[in-house]
There are 2 protein chains.
Amino acid sequence: MKKEEEFSEWYSWVLKEARLVDLRYGVKGFLVILPNAFSVIKRIYKLYEEALEEDGHLPVKFPVVIPERNLRKEKEHIKGFEEEVFWITHAGKNILEERLALRPTSETAFYPMYALWIKGRKDLPIKLYQSGTVWRYETKATRPFLRVREILWIETHDAFPTLEEAKEQIRKDYEIAKKVIWESLGIPFFFVKRPEWDKFAGAEETYAADTILPDGKVLQIATTHLLGQKFAKAFGIKFMDSDGKEKYVWQTCYGPGISRIYASLLAIHGDDKGLIIPFHLSQTQVVIIPIPKKGKEEIVNEYARKVFEQLKGVRVVVDYGEETPGFKFNQWELLGVPIRIEVGPKEAEENTATVVRRDTREKTYTSLEKLKEKVIEIGEKMFEEMKRRSKEEFDKRIIEVDAFDTLSRAIENGKVVKAPFCSLGMDGYQCYSRIKEELKAEVRGEEFGSHKPQGKECVVCGKEAEHIVFVARQY
Amino acid sequence: MKKEEEFSEWYSWVLKEARLVDLRYGVKGFLVILPNAFSVIKRIYKLYEEALEEDGHLPVKFPVVIPERNLRKEKEHIKGFEEEVFWITHAGKNILEERLALRPTSETAFYPMYALWIKGRKDLPIKLYQSGTVWRYETKATRPFLRVREILWIETHDAFPTLEEAKEQIRKDYEIAKKVIWESLGIPFFFVKRPEWDKFAGAEETYAADTILPDGKVLQIATTHLLGQKFAKAFGIKFMDSDGKEKYVWQTCYGPGISRIYASLLAIHGDDKGLIIPFHLSQTQVVIIPIPKKGKEEIVNEYARKVFEQLKGVRVVVDYGEETPGFKFNQWELLGVPIRIEVGPKEAEENTATVVRRDTREKTYTSLEKLKEKVIEIGEKMFEEMKRRSKEEFDKRIIEVDAFDTLSRAIENGKVVKAPFCSLGMDGYQCYSRIKEELKAEVRGEEFGSHKPQGKECVVCGKEAEHIVFVARQY
């Protein structure tokens, strides 16, 4: 199955054939995540949690239900979410006095408590994270991990005494994304400030990490919001500052979308044969495949067991199945297991093993003695090369243009475009509308920390450009 | 606060003062679990998940919603749960075509899928686990971690081709409980087969781990159920056996209650000064407290930092706060941090440290060089002694009796009683009713794997006793 040419089909194919999800649960947009997927997702959670804890965040667990009166407290927020909320109305045979929302996000769960917890400057900053699920009644077509009604994510909710500290947290959130999503998972992304018309409901500013799928569409995989004091005012989150004045806190929240990060991992590293899972993430890191020869079956199987013992500490399995080696190769390649070890009568005799990389199929012949060391070395090297390839691919997909017709052609060709643009405030909305209508594309925003370009004109209206923006079709 | 004499007050006191939960969330029976608690709970999850994976279970993620038609498929099951289910009826402004239950347990989520997945003998056994939350509209008085509407737990769902293998899994579930709850957490328990009248809704047999709280009440902390073929028949989970016949699978499910295990950890190891958290579980393993002397503040604080550096790899903090050392000692003892290190001018001068154990307050004076090794050694030894004490306490609480009046007195005195009993089938229900009515106690069942006692008479009716059972008041 061609990944590049028929990405959508490829994606459906691997989801099914690699047994990642089962779509037959019977509730639209809800699916069963199978062990082949969930074991990897758990490792992604762990990496993100560790990075957040290193940055001073502590884990917390809030209820999944939010009383309706709290959800309605911040006006823009409820406007953004009210079409998407699942409501609990009954318990047993009783009607609840107040409807409970299954949380679509947790600002309105956390912040009434922040109002109780925060009194003085010594209570700040508060930096908490919650790993878990949110539910949104998505009306667009759903797609496993990419667009679902039950979303796996992490959310952080931070409160600071000053705007400067809140802004600094946005930068830290970006650093954490770089560390986990790029460095640990090899998923390249750009990090942008979203236009005014594309902000989180209730935020002053929204920043987002976008990656690029093999079909050229961009996918939002993490967002971080400068909430400013909007929620602080709605929920009364105040502190007595050292100058003796009572002030509202400054807030940020951050939501790495674990479902989508996982989808990107599959899409970006996979190839026409199936998945390629990085060595440190794969549930099975090494599969040993005995290559029997007539009359030597026992010797080979026994040797496979010896090789298995040699690899203790690595997540390794032996495939003793009845199928042919060729069939097994295909199966394990489809699952994305990063390293295959072939052992036949020759290896058994010589106390060696043939190590095969999933991505390049490069073979290394090594002694049993050095095998474990070699396997780890190859696994690590392979991931570094996967990262190099994904970054090259990513960079190739982004081009810079200065005129609407070249923008238009580039978008048609599945590119992500960097172009000068008049304004990311509501002044720019009309130019955006033309891009949206004529090109079916989105203005994703301006790279984090960038400055006003010199002497550039908006690719749509020709007025002075305030920003260089990313334009692309979105998933 | 006296833990033994006023356990209920003690429990409320530590929950609040050690900042474990906040009860002011505003939805009855739902609470916020704060970092001091949740960081430990996460480690308990990890220990259990590792033990389950070692036993061949794989992680899976099912939706939290169950369509009403599935929940109703097994008749006894829905009878047991229908008063307790939260129902989702609306999404956005739409009324859902079918009501969705917020899962109270996941048999009816898993098993329709098992019917799809299981075809032949090679698809068996299936052993999956899910870490997560279930929701029950508890009508009794709620109590944090002990009885809540949002329950943290793990559930496994296993299917086997034969009854023997299913029964063997019950034994393995018991071994896993022993390994995690007793060996890794130091919580003693007895493991019993529950009477017929106290089974899980839809099970053939129910087994449970009960621990004993400081007030003498027993608390169920894990259950494992032999489901037999009841659900297999309700959901049509069949396989083609090697003899060419189509057969129903044999099922078990297992539910360690992480909320309650955590509550037991607090209750069993704590003392009048507050919590005592085992060294390997505590978010902060070591707190360094500088003991300043007038004019030497800087030297002492600087030395504290040096000691901190020496302990890299251990979870350690320095408390530089303004409060007196005595105040700090109390605070950190309340939180249950297992090891305190005191450093004053003397230690700074001599390059030493005073290490104090939380449980016995025993002091060890050691060189900076050997400090880390010493801390780990003391931490491990402390946990072994905590286990020894908890086991002694547990054993002391259990007494054996042969007559109703001694049973009655023992129950009044807050004991857990082992007594001969006629029958755990419905034949014994009348005897149980007397115990329930007169003593407000429960027949918890018969120790796993035990045999019919010889020549004993039922403590209630005097008929021949089939079992030795545990009788106790339950939480």
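Being a predicted model, the structure only gives us computed values, none of them experimental.

(A) Inspection of the interface of chain A and chain B at higher detail. If you look at the interface, chain A gives 56 residues, while chain B gives 56 residues. A combined buried area of about 4,700 Å² lies between chain A and chain B, and 64% of that area is made up of carbon and sulfur atoms. The tally of links from chain A across to chain B stands at four salt bridges. Glu49 of chain A is the salt-bridge partner of Lys42 of chain B, the closest N and O atoms lying 2.6 Å from each other. Taken together, the links from chain A to chain B amount to 21 residue pairs in polar contact (both at pLDDT 80 or more). The sheet contact formed by strand 5 (residues 86-91) of chain A and strand 5 (residues 86-91) of chain B spans five bridges and is antiparallel. When the bridges of strand 5 of chain B are listed, Trp87 of chain A appears paired with His90 of chain B.

(B) Quick peek at the nonpolar core. Among the nonpolar cores identified, the biggest contains 92 residues, and Tyr114 of chain A together with Tyr114 of chain B are the most heavily contacted of them. Non-local contacts of Tyr114 of chain A, meaning those with residues more than four positions away in its chain, are made with Ile126, Leu128, His157, Ala159, Ile237 and Gln251 of chain A. In this structure, Leu20, Trp153, Ala166 and Ile268 of chain B belong to the second largest nonpolar core, which totals 67 residues.

(C) Focus on the sheet that holds strand 18 (residues 352-357) of chain B. All names here are of chain B. One open sheet holds the five strands; their spatial order is 16-15-17-18-19, and the pairing between them is mixed. Among the strands making up the open sheet, the edge pair consists of strand 16 (316-318) and strand 19 (363-367). In this sheet, neighbouring strand axes are inclined to one another by 25° on average, regardless of whether the strands run parallel or antiparallel. Relative to strand 17 (residues 339-343), strand 15 (residues 286-290) runs parallel, the two being bridged by five bridges. Across the sheet, residue Ile289 finds its bridge partner in strand 17, namely Glu342. Contacts between helix 10 (residues 325-335) and the sheet are confined to strand 15, strand 16 and strand 17, with strand 15 contributing the most and set at about 170° to the helix. Together, strand 15, strand 17, strand 18 and strand 19 form the strand contacts of helix 12 (residues 371-397), whose direction differs from that of strand 18 by roughly 10°.

(D) The side chain of Lys127 of chain B, seen in detail. Along the chain, the position of Lys127 of chain B falls in strand 7 (residues 126-135). Setting aside anything within four residues of it in sequence, one finds Lys127 of chain B in contact with Asp55, Gly56, His57, Leu58, His157, Asp158, Phe160, Gln169 and Lys172 of chain B.

(E) Fine view of the packing of helix 6 (residues 163-184) of chain B against helix 12 of chain B. Residue and element names in this part refer to chain B. Relative orientation of the contacting elements helix 6 and helix 12 amounts to 105°, with a least axis distance of 10 Å. Of the possible angle classes, the one that applies to helix 6 and helix 12 is roughly perpendicular. Each of Trp182, Glu183 and Ser184 in helix 6 lies in contact with helix 12, whose residues at this interface are Phe383, Lys387, Ser390 and Lys391. In terms of residue class, the contact of helix 6 with helix 12 is built from two nonpolar, two polar and three charged.

(F) Representation of the environment of Ser408 of chain B in the model. Within the fold, Ser408 of chain B resides in helix 13 (residues 404-412). Each C-alpha atom of the pair Ser408 of chain B and Ile221 of chain B lies 25 Å from the other, and the pair is 187 residues apart in sequence.

(G) Spotlight on the relation of the copies chain A and chain B. Least-squares fitting of chain A to chain B yields an RMSD of 0.0 Å, with the transformation described by 0.0 Å of translation along the axis and a rotation of 180°. These values place the two chain copies in the arrangement generated by a two-fold rotation axis. No C-alpha of chain A lies nearer the rotation axis than that of Ile88 of chain A, which sits 2.1 Å from it. Take the interface residues of chain A: 100% of them recur as interface residues in chain B, which is what a same-surface contact looks like.

(H) A look at the sheet that holds strand 17 (residues 339-343) of chain A. Residue and element names in this part refer to chain A. With mixed pairing, five strands are arranged side by side in an open sheet as 16-15-17-18-19. Of all strands in the sheet, those bounded by a partner on one side alone are strand 16 (316-318) and strand 19 (363-367). The sheet shows a mean angle of 25° between the axes of neighbouring strands, taken without regard to direction. Sitting on the sheet, helix 9 (residues 297-310) is in contact with strand 15 (286-290), strand 16, strand 17 and strand 18 (352-357), with an inclination near 160° to strand 15. Those strands touched by helix 12 (residues 371-397) are strand 15, strand 17, strand 18 and strand 19, and its axis lies near 10° from that of strand 18.

Conventions and cut-offs
- Every chain's residues receive numbers from 1 upward, in the order its sequence appears when written.
- As a convention, the first chain written is A and the first ligand written is 1, with the rest following in written order.
- In view of the model being predicted, local features appear only for residues whose pLDDT reaches at least 70, and side-chain atom pairs are presented and counted only at 80 or more, with totals across whole chains, interfaces and linings using the full set of residues.
- Excluding hydrogens and water, the side-chain values take into account all heavy atoms of the structure.
- Note on contacts: a residue pair is in contact if any heavy atoms of the two residues lie within 4.5 Å.
- Here the quantity called buried area is the accessible surface, traced with a 1.4 Å probe, that two parts lose on coming together, added over both.
- Whenever Lys or Arg places a side-chain nitrogen within 4 Å of a carboxyl oxygen from Asp or Glu, that contact is recorded as a salt bridge.
- In protein, a polar contact means a hydrogen-donor-capable atom and an acceptor-capable atom, both N or O and within 3.5 Å, with residues adjacent in sequence counting only if both atoms are side-chain atoms; elsewhere, any N or O pair within 3.5 Å suffices.
- By definition, two strands form a pair when at least two bridges between them are found by DSSP.
- Each helix is a run of H or I in the DSSP string that is no shorter than four residues. Each strand is a run of E no shorter than two, and both are numbered from the N terminus.
- To qualify as a nonpolar core, a set must consist of buried Ala, Val, Leu, Ile, Met, Phe, Trp, Tyr and Cys residues joined through side-chain atoms within 4.5 Å.
- Note on exposure labels: buried denotes an accessible area under 20% of the residue type's maximum, exposed denotes more than 50%, and partly exposed covers the range between, all computed with a 1.4 Å probe on protein chains only.
- Interaxial angles span 0 to 180 degrees and are taken between N-to-C directions of axes, which are lines fitted to C-alpha atoms, for helices over the stretch in contact.
- In this scheme, roughly parallel covers angles under 35 degrees and roughly antiparallel covers those over 145, while 65 to 115 is roughly perpendicular and the rest are oblique.
- For this scheme, ten residues count as nonpolar: Ala, Val, Leu, Ile, Met, Phe, Trp, Tyr, Cys and Pro. Four count as charged, namely Asp, Glu, Lys and Arg, and the remainder, Gly too, count as polar.
- A residue counts toward the fit only if its pLDDT is at least 70 in both copies, and the copies are then superposed by least squares on the C-alpha atoms of those residues.

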